[in-house]
Amino acid sequence: MAIEGPLRELGIHDVFQLLDLSRKTGTLSVTSELRDNEGTVFFDSGRVVHASIRSQPAPLGTMLVRSGKISETDLEHARSVQRERMDSPRLGEVLLETGAITPRELERQVRQQIEAVVFELMSWREGFFSFEERSVADAPSEVSIRISTESLLMEGARRIDEWSRIADKVPNLQVIPVLAPVDDDHPTLLDLLPNEWAVLALIDGESDLRAIAGTLGQSEFDVAKIMYGLVSTGVVALRTPEKSNGAARVEDPAPYLERSTKALAIGRVDEALEEARRALAVDGGSAEARLLAARALSRLGRLADAVEELRRATEHDPLHADAHLELGYAAARRGELLAAVQAWDQWLKLRPSAPNAERVRAAVESAMRLYNLIEAHVSV
């Protein structure tokens, strides 16, 4: 019997976890009308052995050539051997036999290809999934590999968390990088790593980050991290593509914000944080998403991270009163009394007649007294 349903009822993370824990063998299909996309993942006893997605149809051979791991000649020779042999060997096996690539490098490239698909699917919060139990002996993979689903889930969660940190400067993969104007005080020599030079060389003012990642054969996540560094150092600027009547629909962060709010209300803090991170991946300037992330982080005991999210929220939206108020309380809990007072003062300017204004004024006075007491003791 097939396991199927909408992703709004059972998230893709939970689907992967279910298939892992029950050691399922078969094919998982995930479709999204919003993205006009479809992905397929093959499981063998709970482990992922192959994954593909319609929006990234590049086969293994093409990816290896793009990333410079093999030459066009190597690929053509391997395909010729495939056609001539009666046992129909996989492309990866032929490349290994001919010495075109090492086993370690081949496995790394195949794993990266699978991870790119899986991590893309993990970002989907709408759509439909269907799992069918069957043999995966005919999985269209070019090399035999088995990846722990648990490790994919852990890495996926880490990437969601890191995406929220770079979303300030790299809001999505549709942005188009361009070389920034050179200032007089900017260094004339760039000290970049080889992978950074590779990304920089493909900036043409037309290709977005997804296209650059595809050309390089690198994961979109890695390219986005490199771009974050280039933007932070002033080497590159990002622009959003011009919209047209036929442009793809832009994902709305509102559903993620709603689910994060509901998850917090029922005590599902990890889920609330994940949904807030998803909202930030769509709209890195959402102060509301950062506020929700901060509330979740605070409940998880990650006060430093909560304060950082609240500071970013106030930077993006200086008129967001709740962000200033909660920044004050979070900073106070960390012993940052002056920062707390500054945040509360800003809130009082925005909400001077709020019902709890007197309580906040009292908190400001108490914080200042305690701060002065500490300063007096230190100076003795």
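On a predicted model such as this, the values are computed, not experimentally measured, just so you know. (Residues numbered from 1 in each chain as written. Predicted model: local features only at pLDDT ≥ 70, side-chain atom pairs only at ≥ 80, totals over all residues. Heavy atoms only, no water.)

### Thoughts on the packing of helix α6 (residues 149-166) against helix α9 (residues 220-232)
Here is step 1 of the chain: The N-to-C vectors of α6 and α9 enclose an angle of 30°; their axes lie 11 Å apart at closest approach. Classified by the angle their axes make, α6 and α9 are roughly parallel. In this structure, α6 crosses over α9, and the sense of that crossing is left-handed. Contacts between α6 and α9 involve R158, R159, E162, W163, R165 and I166 on the former and, on the latter, F221, A224, K225 and Y228.
Here is step 2 of the chain: When its residues are assigned to classes, the contact of α6 with α9 shows five nonpolar, no polar and five charged. (Axes fitted to C-alpha atoms, helices over the stretch in contact; angles between N-to-C directions. Helix = DSSP H or I, 4+ residues; strand = E, 2+ residues; numbered from the N terminus. Parallel < 35°, antiparallel > 145°, perpendicular 65-115°, else oblique. Left-handed = near helix turned anticlockwise from the far one by under 90°. Contact = heavy atoms within 4.5 Å. Nonpolar A, V, L, I, M, F, W, Y, C, P; charged D, E, K, R; others polar.)

### Quick notes on the environment of L297
Here is step 1 of the chain: Checked against the element boundaries, L297 lands in helix α12 (residues 287-299).
Here is step 2 of the chain: L297 sits 84 residues away from A213 along the chain, and the two C-alpha atoms are 32 Å apart.
Here is step 3 of the chain: Once residues within four sequence positions are removed from consideration, L297 is found in contact with L273, R277, R302, D305, A306 and E309.

### Focus: the sheet that holds strand β2 (residues 26-32)
Here is step 1 of the chain: Pairing within the open sheet is antiparallel, and its five strands lie in the order β1-β5-β2-β3-β4. Each having just a single partner strand, β1 (3-6) and β4 (47-53) make up the two edges of the open sheet. Put simply, the sheet's adjacent strands are angled 10° from each other on average, direction ignored.
Here is step 2 of the chain: Strand direction decides the pairing type here: β1 and strand β5 (residues 128-133), joined by four bridges, are antiparallel. Paired with G5 across the strands is F129, a residue of β5. (Pairing = 2+ DSSP bridges.)

### Structural notes on the nonpolar core
Here is step 1 of the chain: Ranked by size, the top nonpolar core spans 38 residues in total, and within it I12, F16, L28, V30, V41, F43 and I114 carry the most contacts.
Here is step 2 of the chain: Sorting elements by how many residues they give to this core places helix α5 (residues 103-122) first, with eight residues.
Here is step 3 of the chain: Beyond its immediate chain neighbours, meaning those up to four positions away, V30 contacts L7, I12, N37, E38, G39, L121, W124, F128 and F129.
Here is step 4 of the chain: Counting 24 residues, the second-largest nonpolar core is a separate cluster that includes Y256, A289, L292 and L310. (Core = buried A, V, L, I, M, F, W, Y, C linked by side-chain atoms within 4.5 Å. Buried < 20%, exposed > 50% of the residue type's maximum accessible area, 1.4 Å probe, protein only.)

### A few points about the environment of P355
Here is step 1 of the chain: Tracing the chain through its elements places P355 in the loop between α15 (337-350) and α16 (357-379).
Here is step 2 of the chain: Sequence separation between P355 and R333 is 22 residues; the distance between their C-alpha atoms is 23 Å.

### Concerning the packing of aromatic side chains
Here is step 1 of the chain: Following the criterion strictly, the structure yields three aromatic pairs and no others.
Here is step 2 of the chain: When the ring of F43 is compared with that of F131, the centres are 6.3 Å apart and the planes differ by 75°; the resulting orientation is edge-to-face. Here F131 lies in strand β5 and F43 lies in strand β3 (residues 37-44), a separation of 88 residues in the sequence.
Here is step 3 of the chain: Of the residues examined, F43 reaches a relative accessible area of 0% and is grouped as buried.
Here is step 4 of the chain: Residue classification places F131 among the buried positions, given a relative accessible area of 1%.
Here is step 5 of the chain: Each member of the aromatic cluster is reached from another via a ring pair, and the members are F16, F43 and F131. (Phe/Tyr/Trp six-rings, centres within 6.5 Å; stacked < 30°, edge-to-face > 60°.)

### Here we look at the confidence of the model for the protein chain
Here is step 1 of the chain: Looking at the protein chain as a whole, its pLDDT mean stands at 84, while 92% of the residues score no less than 70.
Here is step 2 of the chain: Under a pLDDT of 50 for its full length, residues 244-250 has, in the predicted model, two contacts with residues more than four places off or in other chains. (pLDDT = per-residue confidence, 0-100.)

### Describing unusual backbone geometry
Here is step 1 of the chain: Located in the positive-phi region is R23, a residue other than glycine, with phi close to 50°.
Here is step 2 of the chain: Tracing the sequence through the fold places R23 in the loop between α1 (12-21) and β2.
Here is step 3 of the chain: At S45, a position not held by glycine, the phi torsion is positive, near 50°.
Here is step 4 of the chain: Judged by relative accessible area, which is 35%, S45 ranks as partly exposed.

### Re helix α7 (residues 194-201)
Here is step 1 of the chain: Residues E196, V199 and L200 constitute the buried set of α7. Looking straight down α7, one finds that the buried residues subtend no more than 100° of arc, so they occupy a single side. Looking at α7, the residues exposed on the side facing more than 90 degrees away from the buried face are P194 and A201. (Arc of directions from axis to C-beta.)

### Here we look at the pairing of β4
Here is step 1 of the chain: Of all seven residues in β4, five are buried, a share of seventy percent or more.
Here is step 2 of the chain: As judged from the six bridges shared by β3 and β4, these two strands associate in the antiparallel manner. When the bridges of β4 are listed, G39 appears paired with I53.

### Quick word on the layout of surface pockets
Here is step 1 of the chain: In this model, the second largest pocket occupies a volume close to 650 Å³.
Here is step 2 of the chain: Residue lining of the second largest pocket: 28 residues in total, with R125, D270, E271, E274 and E275 positioned closest to the centre.
Here is step 3 of the chain: Looking at the lining of the second largest pocket, the elements with two or more residues in it are α1, α6, α10 (254-265) and α11 (269-282).
Here is step 4 of the chain: Among the elements that make up the lining of the second largest pocket, the one with the highest residue count is α11 (six residues).
Here is step 5 of the chain: Its residues assigned to classes, the lining of the second largest pocket comprises 10 nonpolar, two polar and 16 charged. (1 Å grid on protein atoms, 1.4 Å probe; cavity = no way out; pocket = protein on both sides within 12 Å on 5 of 7 lines; lining within 4 Å. Points joined across faces, edges and corners; volume = space filled by probe spheres on them.)

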